[in-house]
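Here are the chains, one letter per residue:
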Amino acid sequence: MLMKKKSMIAMKMKGKINSYIQQLSEKKTLHFSLIDPDKVPDYNFLVSTSKKLYDAGTSAFMVGGTLGVSKDKLDSILDILQDYSIPVILFPSNINIISEKADAIMFMSLLNSDDLYYVIGAQVVAAPIIKRLGLEILPTAYIIVGFGGTAGHVGRARVIPFDNSDLAVAYSLAAEYLGMKYVYLEAGSGSPETVRPEMIAAVKKSTSTLLMVGGGIKSADKAKLLASAGANIIVTGNLIENDIERAVKLIKAITNN
Ligand SMILES: CC(C)=CCC/C(C)=C/CC/C(C)=C/CC/C(C)=C/COP(=O)(O)OP(=O)(O)O
Ligand SMILES: O=P(O)(O)OC[C@@H](O)CO
Ligand SMILES: [Mg+2]
């Protein structure tokens, strides 16, 4: 039953994930649910969690993680998420996070990395594979702020201090001038502090790309604050793994207004 629904929706949405996101974000703040394959304990957890997220109104699933993600694991997660009528988007830490079972991939460059591999190297290796698989791409500037977490460490980010909005604006403007459509301000998964509203507001004021914000967002109030500062898309990961009921509350709070 669900499979049938997905195959119809998938056909309708093929190649249209960017326009789905753009159009929806003109109406409301979106929430993307980050599923890290390495943090999914078992099949039942994913089935019940994903249903709760979908029913609460999450706008897309993002799938990715920095450590411990094999192709088998990735595909088994994607097989389950494919059943929903919302996009399933790869969030790659490297070239191992590519699969034809997703609807789209965030084609990210970690702009504030000191390592050229994360700025342009991985993208060069991935591009022909993505083309062959026919995955839609979301051209994304990935900018790591403050804490940075595992992504910041592995990606050799020269992190932007939480209080340096000028730097975040400069990177985001550069991303826009390079033609990127999304800016993702990332505090790092599990960050004790989120990206600050002041930084979000400054970036929003100076750029017209879609603004994604993630890292350490754990409450509906914080998510609402970041949304009202100008975030178009709120991403949560840890909260989904640790407290699904709170995640559901957060999603309802930002998307049902
Ligand atoms: C375009 C392609 C194929 C790859 C781009 C590769 C780039 C630029 C990666 C940036 C650096 C990096 C390591 C990003 C990680 C993004 C990610 C999946 C974060 C999710 O959080 P985790 O790092 O898994 O956090 P936990 O430690 O909480 O699990
Ligand atoms: O796990 P959390 O802290 O919600 O962070 C989500 C995301 O920004 C990580 O890339
Ligand atoms: Mg992770």
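Keep in mind that this is a model prediction, so the values were computed, not measured.

K.L.:
Any details on the packing of aromatic side chains? Residues and values, ideally.
P.N.:
Applying the stated rule across the entire model yields 6 aromatic pairs. Pairing Phe61 with Tyr84 gives two aromatic rings, centres 5.5 Å apart and planes at 55 degrees, and the pair type is tilted. Taken together, the residues span a long stretch of sequence, with Phe61 in strand β2 (residues 60-63) and Tyr84 in the loop between α4 (71-81) and β3 (88-90) at a distance of 23 residues. Residue classification places Phe61 among the buried positions, given a relative accessible area of 0%. Pairwise contacts between aromatic rings join Tyr54, Phe61 and Tyr84 into one cluster.

K.L.:
Which residues make up the pairing of β2, and what are the values?
P.N.:
On β2, burial covers both faces: Ala60 and Met62 on one face and Phe61 and Val63 on the other are all buried. Read as a crossover between parallel neighbours, the route from strand β1 (residues 30-35) over helix α3 (residues 43-56) to β2 is right-handed. As paired strands, β2 and β3 are joined by 3 bridges and run parallel to one another. Residue pairing for β3: Phe61 is matched across the bridge by Val88. Viewed along the sheet, the connection from β2 through α4 into β3 turns out right-handed.

K.L.:
Quick rundown of the pairing of strand β7 (residues 210-214)? Include the residues and the values.
P.N.:
Of all 5 residues that make up β7, 5 are buried, and the element is covered over most of its length. Covered by surrounding structure in β7 are Leu210, Met212 and Gly214 together with Leu211 and Val213, the residues of both alternating faces. As paired strands, strand β6 (residues 182-186) and β7 are joined by 5 bridges and run parallel to one another. Its bridge partner being in β7, Glu186 is matched across the sheet by Gly214. Tracing the backbone out of β6, into helix α8 (residues 197-206) and back to the parallel element β7 gives a crossover that is right-handed. As defined by bridge partners, β7 adjoins strand β8 (residues 233-236) across 3 bridges and the pair is classed as parallel. Across the sheet, the residue bridging to Gly214 is Val235, located in β8. Viewed along the sheet, the connection from β7 through helix α9 (residues 220-229) into β8 turns out right-handed.

K.L.:
Mind laying out a nonpolar patch on the surface, listing which residues take part and the relevant values?
P.N.:
A surface patch of nonpolar side chains, about 300 Å² in accessible area, is lined by Leu116, Ile120 and Val124. Mapped onto the elements of the fold, Ile120 is located in helix α5 (residues 116-133).

K.L.:
Residue-level account of the packing of α9 against helix α11 (residues 244-255), with values.
P.N.:
Two numbers describe a pair of packed helices, the interaxial angle and the distance between the axes. The N-to-C vectors of α9 and α11 enclose an angle of 30 degrees; their axes lie 8 Å apart at closest approach. Of the possible angle classes, the one that applies to α9 and α11 is roughly parallel. For the pair α9 and α11, the crossing hand works out as right-handed. Contacts between α9 and α11 pair Ala220, Ala223 and Lys224 from the former with Lys249, Leu250, Ala253 and Ile254 from the latter. The residue makeup of the contact of α9 with α11, split by class, is 5 nonpolar, no polar and 2 charged.

K.L.:
Describe the UniProt feature "binding site: Mg(2+)" (unreviewed entry) in the chain, naming the residues involved and giving the relevant values.
P.N.:
Here, UniProt's "binding site: Mg(2+)" (unreviewed entry) annotation points to Asp36 and Thr66. A maximum C-alpha distance of 8.5 Å among these annotated residues, which run over 31 residues, shows that they cluster at one spot. Along the chain, Asp36 falls in the loop between β1 and α3. Assessed through its relative accessible area of 12%, Asp36 is described here as buried. For Asp36, the residues in contact, after removing those within four places along its chain, are Gly64, Gly65, Val69 and Glu241. With respect to the helices and strands, Thr66 occurs in the loop between β2 and α4. If we ignore the near neighbours within four places in the chain, the residues touching Thr66 are Ser93, Thr150, Ala151 and Val154.

Rules and cut-offs
Residues numbered from 1 in each chain as written. Chains lettered and ligands numbered in written order. Predicted model: local features only at pLDDT ≥ 70, side-chain atom pairs only at ≥ 80, totals over all residues. Heavy atoms only, no water. Phe/Tyr/Trp six-rings, centres within 6.5 Å; stacked < 30°, edge-to-face > 60°. Helix = DSSP H or I, 4+ residues; strand = E, 2+ residues; numbered from the N terminus. Buried < 20%, exposed > 50% of the residue type's maximum accessible area, 1.4 Å probe, protein only. Right-handed = clockwise from strand over helix to strand, strands pointing away. Pairing = 2+ DSSP bridges. Patch = residues over 30% accessible without salt bridge, like charges linked within 9 Å, V, L, I, M, F, W, Y side chains within 5 Å. Areas by Shrake-Rupley, 256 points an atom, 1.4 Å probe, with all protein chains shown as cover. Salt bridge = Lys/Arg side-chain N within 4 Å of Asp/Glu carboxyl O. Axes fitted to C-alpha atoms, helices over the stretch in contact; angles between N-to-C directions. Parallel < 35°, antiparallel > 145°, perpendicular 65-115°, else oblique. Left-handed = near helix turned anticlockwise from the far one by under 90°. Contact = heavy atoms within 4.5 Å. Nonpolar A, V, L, I, M, F, W, Y, C, P; charged D, E, K, R; others polar. UniProt positions renumbered as here; feature names shortened; annotations may be inferred.

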